[in-house]
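Summary of the model geometry
If you want the building blocks of each chain, they are given just below.
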Amino acid sequence: MKKPFVDKKLLIPFIIALVGAVLVVLCLFLPYASATDEFAAALDSSPNSIISQDLRISTNDMKNVSVVDFSYMYSALSYSLFGGNDGYFYIGMVIAIGLFGLLCTLFTLVKKATPIIVFSFLNLLIVAFQNYDYYLRGVIGNEVYDWGIAVYLFYIAAALSLIGAIWMLVVKIKLKKQNVVKF
C-alpha cells in the first residue's frame, strides 16, 4: 500500500502529464487549418453549399479543418487527385497520433513516466513531420489556409506530457532513494 504523501508528491506532475496527454487526443478534432480571411469570405458567399458530394463537405466545413478532416479528405480523394493511395499514409499518421495520445493517457493514469516520455516524443516527431509535409506541399500557410490552433496545441500538449512525466520520474527516483516507494 502506498503512503498518502507519495500520492501528494506525484499529484502535480500527474495532472500536468494527464492534461498534455488528453490535449493531444483533443487536438485531432480542433482546427488544424483555418481559412484565410479572403477564403473565408469566399466560402461565406455561398453558405452551406456542398463542395463535394462524395465527401459530403459543405463550405462551412471548409473554414476550420481538423487533422481528422484532412486525413478523411486525402483518403477519399487521393486516387482521383494524386493517382495513388497517399491518403492511407495520412490516415496512418492520424491513427498513430491518436493511439500514442491514448497510450500516454493510459500510462499517465498508472503513473508510468518512461512510456509517457516515449509516446510523447513519438507524437512530437509525427506531428512535426506532418506539419513540415503540409508546409512543403503548400497545403497550409498559403493564400487559402493558415495554421489553426491545433498545430500550436500539439506542441504544448507534448511539452506538458514530457514535463509532467520527467517530473514524475524525478519524484519517484527521489522517493526510491528514501526507500519510500518501490517501482
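Residues numbered from 1 in each chain as written. Predicted model: local features only at pLDDT ≥ 70, side-chain atom pairs only at ≥ 80, totals over all residues. Heavy atoms only, no water.

**So, the packing of helix α5 (residues 113–136) against helix α6 (residues 149–177)**
Between α5 and α6, the least distance of the axes is 9 Å, while the angle of their chain directions is 160 degrees. In terms of their interaxial angle, α5 and α6 are classed as roughly antiparallel. Handedness of the α5/α6 crossing: left-handed. For the pair formed by α5 and α6, the contact residues are Ala-113, Thr-114, Ile-116, Ile-117, Ser-120, Phe-121, Leu-124, Val-127, Ala-128 and Asn-131 on the first element and Val-151, Phe-154, Tyr-155, Ala-158, Ser-161, Leu-162, Ala-165, Ile-166, Met-168 and Leu-169 on the second. The residue inventory of the contact of α5 with α6, partitioned by class, reads 16 nonpolar, four polar and no charged. (Axes fitted to C-alpha atoms, helices over the stretch in contact; angles between N-to-C directions. Helix = DSSP H or I, 4+ residues; strand = E, 2+ residues; numbered from the N terminus. Parallel < 35°, antiparallel > 145°, perpendicular 65-115°, else oblique. Left-handed = near helix turned anticlockwise from the far one by under 90°. Contact = heavy atoms within 4.5 Å. Nonpolar A, V, L, I, M, F, W, Y, C, P; charged D, E, K, R; others polar.)

**Re unusual backbone geometry**
Located in the positive-phi region is Lys-111, a residue other than glycine, with phi close to 60 degrees. Structurally, the position occupied by Lys-111 is in the loop between α4 (86–109) and α5.

**Things to note about the side chain of Thr-36**
Turning to its location among the elements, Thr-36 is positioned in the loop between β1 (33–35) and α2 (37–44). Apart from residues lying up to four places away in sequence, Thr-36 is in contact with Asn-142, Glu-143, Val-144, Tyr-145 and Asp-146.

**As for the pattern of salt bridges**
Throughout the structure, instances matching the rule amount to two salt bridges. Across the pair Arg-137 and Asp-133 runs a salt bridge, and its minimum N-O distance is 3.2 Å. A relative accessible area of 14% means that Asp-133 is categorised as buried. (Salt bridge = Lys/Arg side-chain N within 4 Å of Asp/Glu carboxyl O. Buried < 20%, exposed > 50% of the residue type's maximum accessible area, 1.4 Å probe, protein only.)

**Side note on the packing of aromatic side chains**
Counted according to the given criterion, the structure contains eleven aromatic pairs. On the numbers, 5.6 Å between centres and 80 degrees between planes, the contact of Tyr-32 with Tyr-134 is edge-to-face. Placement of the pair is Tyr-32 in the loop between α1 (4–27) and β1 and Tyr-134 in helix α5, with a sequence separation of 102 residues. With respect to class, Tyr-32 is no different from Tyr-134; both count as buried. Members of the aromatic cluster, each reached through a chain of ring pairs, are Tyr-32, Phe-39, Phe-70, Phe-89, Tyr-90, Phe-129, Tyr-134, Tyr-145 and Trp-147. For Lys-111, the ring lying beneath its charged end belongs to Phe-14, and the centroid distance is 5.2 Å. (Phe/Tyr/Trp six-rings, centres within 6.5 Å; stacked < 30°, edge-to-face > 60°. Lys NZ or Arg CZ within 6 Å of the ring centre and 35° of its normal.)

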